[in-house]
Amino acid sequence: VRGIPASMQESEIKETIEKFVGIYQKTENVSNDASNSKVINSLVDSGAVPYGKYLNTEEMNHIIDNLFATTNPNYTPSGKTIFTILNFDEIEKLF
């Protein structure tokens, strides 16, 4: 292991790797693309910042910098929208 997500504690590394291996073993009869996708999404989810966790400014900036360094910062690996840019008319419709 060369690095872990900022929100992950060292005590969680073993459990995360065991979870990762378990998911990989369950998907060994699935096509490689589907299997890889499932394993990667699981790994991404395990590294996510827990809901309600307060981050300091440095942690928030690190997440934003990493987000915009990706090839598609608008969506999560599972396809959920991360943010949407609204023009003035769209904002006005919300009120």
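In this text the structure is predicted, and so the values were computed from the model without any measurement. (Residues numbered from 1 in each chain as written. Predicted model: local features only at pLDDT ≥ 70, side-chain atom pairs only at ≥ 80, totals over all residues. Heavy atoms only, no water.)

**A few points about the overall build of the chain**
And then number 1: Summing up its helical and strand segments, the chain has four helices and zero strands in all.
And then number 2: Listing each helix as α and each strand as β along the chain from the N terminus yields α-α-α-α.
And then number 3: Scored against the burial criterion, the 95 residues of the chain give a buried share of 11%.
And then number 4: On the chain, roughly 8,300 Å² of surface is accessible, and the fraction owed to carbon and sulfur atoms is 54%. (Helix = DSSP H or I, 4+ residues; strand = E, 2+ residues; numbered from the N terminus. Buried < 20%, exposed > 50% of the residue type's maximum accessible area, 1.4 Å probe, protein only. Areas by Shrake-Rupley, 256 points an atom, 1.4 Å probe, with all protein chains shown as cover.)

**Regarding the packing of aromatic side chains**
And then number 1: Applying the stated rule across the entire model yields one aromatic pair.
And then number 2: Centroid distance Phe 68 to Phe 83: 5.8 Å. Interplanar angle 50°. Geometry classified as tilted. Taken together, the residues Phe 68 in helix 3 (residues 57-68) and Phe 83 in the loop between helix 3 and helix 4 (88-93) connect sequence positions 15 residues apart.
And then number 3: For Phe 83, a relative accessible area of 28% gives the class partly exposed. (Phe/Tyr/Trp six-rings, centres within 6.5 Å; stacked < 30°, edge-to-face > 60°.)

**Quick notes on helix 3**
Three or four residues apart is the spacing at which side chains of an α-helix point the same way, because the helix has 3.6 residues per turn.
And then number 1: A rise of 1.5 Å per residue sets the reference length of helix 3, with its twelve residues, at 16 Å; its end C-alpha atoms lie 17 Å apart and thus fit the reference within 8%.
And then number 2: Backbone nitrogen of Glu 58 and a side-chain oxygen of the N-cap are separated by 3.0 Å at the start of helix 3; the cap is Asn 56. (Expected span 1.5 Å × (residues − 1). Polar contact = N/O pair within 3.5 Å; in protein donor to acceptor, adjacent residues only side chain to side chain.)

**Description of the pattern of salt bridges**
And then number 1: All chains considered together, the criterion is met by one salt bridge.
And then number 2: Between Lys 53 and Glu 59 there is a salt bridge, with the nearest N and O atoms lying 3.9 Å from each other.
And then number 3: Judged by its relative accessible area of 33%, Lys 53 falls in the partly exposed class.
And then number 4: For Glu 59, a relative accessible area of 25% puts it in the partly exposed group. (Salt bridge = Lys/Arg side-chain N within 4 Å of Asp/Glu carboxyl O.)

**Brief notes about the confidence of the model for the chain**
And then number 1: Residue-level pLDDT values for the chain average 78, and 74% of them are 70 or greater.
And then number 2: Across the chain, the secondary-structure element scoring lowest on mean pLDDT is helix 2 (residues 32-46), at 66, and the one scoring highest is helix 4, at 94. (pLDDT = per-residue confidence, 0-100.)

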